[in-house]
Structures are given as structure tokens and as C-alpha cells.
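The chain contents come next:
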Amino acid sequence: MSVPLASCVMVTGGDRKPFVEQSIRLFQRQTYAHRELVIVSDQPLCAWNAGSEAQASVRHVAVPEGLSIGAKRNLGCHFARGELLVMWDDDDWCAADRLATQLAPLLGGSSALSAIGNSPVFELAAWRFWRMDETLFQRMFLANVFSGTLAFAKQLWKHGRRFPDTSLGEDAGFLAAALQSGATLAPISGEGRFAYVRHGGNTWSFRCGEHQDASLWHASSPTLPEEDCGFYQAMRDRAHELERESHPSVPARWTGRASIAGDPCEARWTGRASIA
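None of these values were measured; they are calculated from a predicted model.

J.: Mind showing me how you'd approach the environment of M235 here?
T.: Secondary-structure assignment places M235 in helix α8 (residues 226-236). The class for M235 is buried, based on a relative accessible area of 4%. A C-alpha to C-alpha distance of 8.0 Å links M235 and P18, two positions 217 residues apart in sequence.

J.: Would you mind going over unusual backbone geometry with me for this structure?
T.: Most of the time, phi is negative for any residue but glycine, and the peptide bond is trans. Of note in this structure, W127 is not a glycine but carries a positive phi near 50°. With respect to the helices and strands, the residue W127 is situated in the loop between β7 (121-123) and β8 (128-132). At A143, a residue that is not glycine, the phi angle is positive and equals roughly 60°. With respect to the helices, strands and loops of the structure, A143 is situated in the loop between α5 (134-140) and β9 (151-153). The class of A143 is partly exposed, set by a relative accessible area of 35%.

J.: Help me understand the sheet that holds β8, please; the structure alone is not making it clear to me.
T.: Backbone-to-backbone hydrogen bonds pair the strands of a sheet. The strands run either parallel or antiparallel. Ordered in space as β5-β11-β7-β8-β12, the five strands form an open sheet in which the pairing is mixed. Whereas interior strands pair on both sides, the edge strands pair on one side only; in this sheet they are β5 (93-94) and β12 (217-220).

J.: Explain the packing of helix α1 (residues 17-28) against α8 to me, please; I cannot follow it from the model alone.
T.: Think of two packed helices as two axes; the pair is described by the angle between the axes and how far apart they sit. As a packed pair, α1 and α8 sit with axes 11 Å apart at the nearest point and diverge in direction by 165°. What the angle tells us is that α1 and α8 run roughly antiparallel. In this structure, the crossing between α1 and α8 has a hand that is left-handed. Mapping the contact onto sequence places P18, F19, Q22, R25 and L26 in α1 and D228, F231, Y232 and M235 in α8. Split by residue class, the contact of α1 with α8 holds six nonpolar, one polar and two charged.

J.: Please clarify how the pattern of salt bridges should be interpreted in this entry.
T.: Side chains that carry opposite charge are capable of pairing whenever their charged atoms lie near each other. For the coordinates displayed, the defined rule picks out twelve salt bridges. With a shortest N-O distance of 3.1 Å, E36 and R59 are connected by a salt bridge. Linking E36 in strand β2 (residues 35-41) with R59 in strand β3 (residues 58-62), this pair joins segments that are 23 residues apart in sequence. For R59, a relative accessible area of 10% corresponds to the buried category.

J.: Just checking my understanding: could you explain the nonpolar core for this structure?
T.: As a rule of thumb, nonpolar side chains are buried together in soluble globular proteins. Residues L37, W88, W93, L103, M132 and Y232 are the most contacted members of the largest nonpolar core, which totals 47 residues. Not counting the four nearest positions on each side in its chain, L103 is found in contact with A6, Y32, L84, V86 and A151.

J.: Looking at this structure, I do not really get the packing of aromatic side chains. What am I missing?
T.: What characterises a pair of aromatic rings is the spacing of the ring centres plus the angle enclosed by the ring planes. Using the criterion set out here, one finds 17 aromatic pairs in the structure. A centroid spacing of 4.8 Å and a plane angle of 65° characterise the contact between F141 and F146, whose relative ring orientation is edge-to-face. Accessibility classification places F141 together with F146 in one group, the buried group. Here the aromatic rings of F163 and F174 are separated by 4.3 Å at their centres, their planes lie at 15°, and the arrangement is stacked. With a gap of eleven residues between them, F163 in the loop between α6 (154-158) and α7 (170-180) and F174 in helix α7 connect regions that are remote in the sequence. Looking at F163, the relative accessible area reads 0%, which means it is buried. Among the aromatic residues, those joined into a ring-pair cluster are F19, F122, W127, F129, F231 and Y232.

J.: Quick question: what am I supposed to make of helix α3 (residues 69-79) here?
T.: Three- or four-residue spacings in an α-helix give side chains the same orientation, since the helix completes a turn every 3.6 residues. Counted residue by residue, α3 has eleven buried out of eleven residues, so it is predominantly covered. Residues I69, G70, A71, K72, R73, N74, L75, G76, C77, H78 and F79 constitute the buried set of α3.

About the thresholds
- Residues numbered from 1 in each chain as written.
- Predicted model: local features only at pLDDT ≥ 70, side-chain atom pairs only at ≥ 80, totals over all residues.
- Heavy atoms only, no water.
- Helix = DSSP H or I, 4+ residues; strand = E, 2+ residues; numbered from the N terminus.
- Buried < 20%, exposed > 50% of the residue type's maximum accessible area, 1.4 Å probe, protein only.
- Pairing = 2+ DSSP bridges.
- Axes fitted to C-alpha atoms, helices over the stretch in contact; angles between N-to-C directions.
- Parallel < 35°, antiparallel > 145°, perpendicular 65-115°, else oblique.
- Left-handed = near helix turned anticlockwise from the far one by under 90°.
- Contact = heavy atoms within 4.5 Å.
- Nonpolar A, V, L, I, M, F, W, Y, C, P; charged D, E, K, R; others polar.
- Salt bridge = Lys/Arg side-chain N within 4 Å of Asp/Glu carboxyl O.
- Core = buried A, V, L, I, M, F, W, Y, C linked by side-chain atoms within 4.5 Å.
- Phe/Tyr/Trp six-rings, centres within 6.5 Å; stacked < 30°, edge-to-face > 60°.

Below, the structure is given as C-alpha cells:
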């Protein structure tokens, strides 16, 4: 291939099967050809069905229950085969050109990291789109980007950058450490390319249209592709149910350090990880 392999790392857990299946479909649409999807989860990959063609480029890292999101992200980075790593959340929407656009600054050598900037927020239960004022977005999101969309060279992770062992703000912690070490960040426009989906089961809990300052939330009117509307309409009925479902848990305290194939990671757990 003329372009390096890009590994999209998706961490998930619990009963999020519909979102995982949709995220696999979004991954399969990407125009960046040389890619793989590494799913880190305590659920079996065979429980998901996105078609045989999709499964060919999907790999599963099976982990015990109870790992933090940060620990799962580190394991995904470790097992990824690609030279480039992209954080790929299981519940957000993205267009087919997201990967190609986000990787361009890395391939061109102009930046060490890239991430999606201020973009529409899709409140699923109410079927409303919001736009945060730039002032509010800067307050809520480090470096004015959605850190859950980070892309970077695997070498950056290999050279000591790790996601903190927590299930909230672990992506921002990684980004902060990288920026403090002198790494450069390229913000990518999310217009028509990305939507941050709020569905009641998000790890970070806040109320759209009200959080911090209601005057800094503005109604927006982007449209979803017709091929995705059916999925989100079906999930809309489950949005309130998701609020009552458990999120991936943060371990109270893990002892010791885990080593996978001789490479120490920040993941702390008492079992073993396996890859399919």
C-alpha cells in the first residue's frame, strides 16, 4: 500500500451492541483504504454483526470486565498493527472522509496529532442538534477539540505517552501530556464530518442546552445521511433506557503493573487480554 496502515481503536463494554454495529458500518465506509478497526471489549466479537466484509478488517481484543476506558485504550494501542492510531468512539457519527481528512496533517508531517474541533452535538432522545458557542467549547474541551477523536503516530504512544487509568477524561489526559511534551495538534473541522452523539448512556453526564450556561448553546440544523437515519430513529426509543444502563466501571484500585509481550502498559487488571 502507498499509505501507512491506520488502526482505529474502539473501546466499548456492556450492552452497547447497536452502537458498535453502527460504528463498524461507519468504519467500513471510510475512503482511507489501508485501515483496521481494533475493538477492545469484554463482549465477544461474534455478538456483533455488520456483514462478512466488515469483519475482515475488524479485530477484537478481549479483556476482563472492570477495566477502565484508559486501560482499554492502552491495550488497543498496544495490539494495533498500524503506524497511525485513531481513537474511534463507539457511539459518535462520522462521514466517510473523516479518516482521510484527519490523517492528512500527520501524513504531511505538519502535526503530531489531530482531532475534530467544535462540531454539532446530536441530542438523540429529543432529536435535536446543538452547537456550542466557542467560549463554552473551550471551557469544556481541552485544546478546543474533542479529545476522543485523537489521531497520532503509534511512535508517540510507544515513547511513553499513555492514557491515564480512568474512565473519565483519559483522552484529555493523554492529549495534555502530549502537548506539554511539545507535540503539535491540528484541529480538524467537523462540519459535515462528525457529530457528537448524546444518548443518555454517555460516560460523561451533562444536559445539552443547559450545561454551564444555556445562552451558550445554540440550535443547529445539520442533517444525517438517509442511510443512518433509520438506525438513530430506532435508538431514539432506547435513549431513556440507556440512561439506566450501567457504564463501563472505573476500578476502585488495581495493584501492580501489567506487561503485555514485554511492553509495560498503564492497564492494571488481574486477568489476561487476548486478541482474535
